[in-house]
Amino acid sequence: MSKRILRKRLQDLERADSYTLWREIAQEVDALEGHAAWKADEMSEDYDYLLIKERLTQMRALRRKGDVRKLVFLLHEGLHGNIGNISNPQLYNAARVGTKSLIESYVEEVVRCLDYICVGDFPDFSESEKILFFKRTGGVYGRTALMLSGGATLGMFHFGVIKALVEQDLLPRVISGSSAGSIIAGIVGTRTDDELRNSFDPESMNLQAFQRLSLKKALRGGSVMDGGALEACMADHVGDLTFEEAFERTRRIIGITVSPAEPHQQGRLLNYLAAPNVLMRRSIVASCAVPGVFPPVMLEAKDFEGRVVPYMPSKRWIDGTLSADLPALRLARLHNVNHYIVSQTNPHVVPFMTDKVPKSGVTPFARELLSTSGRNALELARQHIDPYGAGRVMHKLHNVIRQRYSGDINVFPRQSPRQLLRMFANPTPADIRNYIREGERATWPKIDRIRNQTRISRAFESCLIWLKERQREKRPGETPEQRRQRLRVI
C-alpha cells in the first residue's frame, strides 16, 4: 500500500503547478521515504553537530537572559556561513525539503538573536555600537549573488528561476549576467519589486532580438544577426538607464560581463561601481555579441551633461561568456560576495552538470583528469601557435575551457535537441511560458537550501538598513516604544 501511495505522490510531485503544492507533496514523500526521521536525528558524519548544538544552546541562553554584550561577543567571534560544515551539499541531498532540524534551529536562532540586537533598546549598548557590530560582523559573514549564464534563447530559463526566487522573497540584490543572462539581469535590474512581480507575462515581453541579415550584409559585416534588432529589443526593456541610475531606482546591484574583441584588453564586469555612467542596454548588446553571430559593439555612456556619448570609442566588445560566464572573483572583490547561486544554461556545460555530490565532496578522478588534460593541451597549443589569426581563436577557446561554470547552489534545465536547434530563434510566448515553468520547477527543489543558506546574510542586510533608517528618522523626545510603533517593527 505504501509503495503504491509513494508512486502516486511522486507522480503528483511532477505535476505540481505551484511551489506551495510542490512543497506540501514533497514533505509527504519525505515522510513516506523516512527522510523526516533523518531530519529529526541531529547526528551525522557530514557536519559537526556537537559544535552546532553547543553554539545554539549558548546563543539561546544569552538571548533569554538579555546579556546583549556577551551575545554580541559570541556572534562576532564565531559566526560564518559554513561553521561546522553546515553548508555541506550532502546535508541537502537526503530530504526533498530542508535539512537536519538542528541546522534549521541554529539558523533560526541566529536570526532571532540578530533581530533582538537590532530592535532592542539597551542602556549599555548604543545605536552606534549596534551599527558597528552589524557592519563588521555582516562584512565578515559575506553575502550571496545570483549569476546568470549565457545560452542564447535557452537563457529564457533564467526568467523562471527569477520568478521562483521573487515569489519566495529570496532574490539576491547582487546579480550578474553574461550573454543571454545579461538580458535577464538587465530586465530585473531596472524594475522595482512591484514592477518585477508583474514582469513574467510572456505576452508582454518583446524578445524579438534575433533577426537574420541578408547574405550580402552578412558577408560584408561578418555576422549573421542584426545587432540593431537586439538593441531595439533592449531599448524597450531597459531604456537609456545607466548602471548607476538603475541602481538608484531599484537598489539592485547588476553586473554585466563583456569580453574584448581585440588583443591586449581584459574582460570587464560592468556595474554601478566600475562603470556607473555606461548605458546598460549597450552593455547587454555587447555581452550578447557572440562572434560570427552578432557584430562587435562599442559601448556608450552619459557624459557630465547627461548626453549619450561613445565610451572608449576605439574599443569593441563581444560575448561576455568568453572571458567570464560567471564572474565570481570580481563579485567577491567588489561586493563582498562569498556564496553563489548559479542559473546555468550554456549548452556546452549543462550536459555535465548534476545534483549528485560524491560522498568525498571532490570531483570524480576521470572527469578531473579529462578537464585538466584539455586545459593543458590548449595551453600548449596556444603557446606554439602564431598569436594572430588561429592563435586568437585558441586563446578564446582556452578562456572558455578554464572557467568554472558552477557555484554553491546550481539550477539548470533538462536540454532537448529541439531546444538546441532553436538557440538563435526568437521565442514565441508559448516558448517563454515553457522556459519560465521549467526554470521554476528546477528551482523549487533548491528553495529550502537557498532560504537556509542565505537567511543570516539577509538578516544582516535588513537589520543594517533598518538601523540606518531609524538613525535618520529619529525624532527628538520620541520614546523607543513610539519609534517602534511608527516604524512598524515587532
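Here is what the cut-offs are and how they apply
- Residues numbered from 1 in each chain as written.
- Predicted model: local features only at pLDDT ≥ 70, side-chain atom pairs only at ≥ 80, totals over all residues.
- Heavy atoms only, no water.
- Helix = DSSP H or I, 4+ residues; strand = E, 2+ residues; numbered from the N terminus.
- Buried < 20%, exposed > 50% of the residue type's maximum accessible area, 1.4 Å probe, protein only.
- Contact = heavy atoms within 4.5 Å.
- Areas by Shrake-Rupley, 256 points an atom, 1.4 Å probe, with all protein chains shown as cover.
- Pairing = 2+ DSSP bridges.
- Right-handed = clockwise from strand over helix to strand, strands pointing away.
- Axes fitted to C-alpha atoms, helices over the stretch in contact; angles between N-to-C directions.
- Parallel < 35°, antiparallel > 145°, perpendicular 65-115°, else oblique.
- Left-handed = near helix turned anticlockwise from the far one by under 90°.
- Nonpolar A, V, L, I, M, F, W, Y, C, P; charged D, E, K, R; others polar.
- Expected span 1.5 Å × (residues − 1).
- Disulfide = S-S within 2.5 Å.
- Salt bridge = Lys/Arg side-chain N within 4 Å of Asp/Glu carboxyl O.
- Polar contact = N/O pair within 3.5 Å; in protein donor to acceptor, adjacent residues only side chain to side chain.

K.L.:
Any chance you could break down the overall build of the chain for me, citing the residues and the numbers?
P.N.:
The helix and strand tally for the chain stands at 22 helices and nine strands. Across the 490 residues in the chain, those meeting the buried criterion constitute 49%. A separation threshold of at least 6 residues defines the contact pool for the chain, and within that pool the share at least 24 residues apart is 76%. When the accessible area of the chain is evaluated, it comes to approximately 24000 Å², of which 54% is carbon and sulfur surface.

K.L.:
For the pairing of strand β1 (residues 143-148), give the residues involved together with the corresponding values.
P.N.:
Burial analysis of β1 places five of its six residues in the buried class, which makes it a mostly covered element. Bridging between β1 and strand β8 (residues 337-343) involves six bridges; their strand directions are parallel. In the strand pairing of β8, Thr 144 is matched with His 339. Two elements, β1 and strand β2 (residues 174-178), share four bridges in a ladder whose sense is parallel. Paired with Leu 146 across the two strands is Ile 175, which belongs to β2. Between the parallel pair β1 and β2, the chain is carried across by helix α8 (residues 157-167), and the sense of this crossover is right-handed.

K.L.:
Now, about the packing of helix α1 (residues 2-15) against helix α2 (residues 19-32): what can you tell me, with residues and values included?
P.N.:
Where α1 meets α2, the axes come as close as 9 Å, and the angle between the chain directions of the two elements is 155 degrees. By the angle between their axes, α1 is roughly antiparallel relative to α2. Two packed elements cross with a definite hand, and for α1 against α2 that hand is left-handed. The segment α1 lies against α2, with Ile 5, Leu 6, Arg 9, Leu 10, Asp 12 and Leu 13 engaging Trp 22, Ile 25, Ala 26, Glu 28, Val 29 and Leu 32. Here the contact of α1 with α2 is composed, by residue class, of nine nonpolar, no polar and three charged.

K.L.:
Help me get a handle on the packing of α8 against helix α9 (residues 180-189), residues and values and all.
P.N.:
Where α8 contacts α9, the two axes come as close as 9 Å, and the packing angle between them is 35 degrees. By crossing handedness, the relation of α8 to α9 is classed as right-handed. Packed against α8, whose contacting residues are His 158, Phe 159 and Ile 162, the element α9 presents Gly 181, Ile 184, Ile 187 and Val 188 at the interface.

K.L.:
Just give me the short version of helix α20 (residues 429-443), but keep the residues and values in it.
P.N.:
For α20, with 15 residues, the first-to-last C-alpha span of 21 Å sits near the 21 Å given by 1.5 Å per residue. What α20 keeps buried is the set Asp 431, Ile 432, Tyr 435, Ile 436, Gly 439, Glu 440, Ala 442 and Thr 443.

K.L.:
Pulling in residues and values, what's your account of the environment of Lys 163?
P.N.:
Relative to the assigned elements, Lys 163 resides in helix α8. Classification of Lys 163 as buried rests on a relative accessible area of 18%. Along the primary structure Lys 163 and Arg 437 are separated by 274 residues, whereas in three dimensions their C-alpha atoms are 9.3 Å apart. Look past the residues within four positions of Lys 163 in its chain and what remains in contact with it is Phe 200, Ile 436 and Glu 440.

K.L.:
Lay out the state of the cysteines with the relevant residues and their values.
P.N.:
Two cysteines form a disulfide when their sulfur atoms are joined by a covalent bond. Counting across every chain of the model gives zero disulfides. Not engaged in a disulfide, the cysteine Cys 463 finds its nearest cysteine sulfur in Cys 118; these two sulfurs lie 3.8 Å apart. Residue class for Cys 463 comes out buried when judged on its relative accessible area of 3%.

K.L.:
How would you summarise the pattern of salt bridges if you had to cite specific residues and measurements?
P.N.:
The final tally for this structure, using the stated rule, is 33 salt bridges. Two residues, Glu 109 and Arg 60, come together in a salt bridge whose shortest N-O distance is 3.7 Å. Taken together, the positions of Glu 109 in helix α6 (residues 101-119) and Arg 60 in helix α4 (residues 49-65) put the pair 49 residues apart, joining distant regions of the chain. A relative accessible area of 0% means that Glu 109 is categorised as buried. Assessed through its relative accessible area of 27%, Arg 60 is described here as partly exposed. Here Glu 231 ties to Arg 282 by a salt bridge, and the two come within 2.6 Å at their closest N and O atoms. Residue Glu 231 is located in helix α12 (residues 227-238), and its partner Arg 282 is located in helix α14 (residues 280-287); the two are separated by 51 residues in the primary sequence. Across the pair, Arg 282 and Glu 231 agree in class, each one buried. Within the structure, one salt-bridge network assembled from shared partners comprises Arg 60, Arg 63, Glu 108, Glu 109, Arg 112 and Arg 455.

K.L.:
So, the environment of Arg 15: which residues are in play, and what are the values?
P.N.:
Structurally, Arg 15 can be placed in helix α1. Considered as a pair, Arg 15 and Arg 441 are 426 residues apart in the sequence and their alpha carbons are 9.9 Å apart. Of note is the side chain of Arg 15, whose polar atom sits 3.0 Å from the side chain of Asp 12.

Honestly, that's just the spatial picture; any functional story needs more than this.
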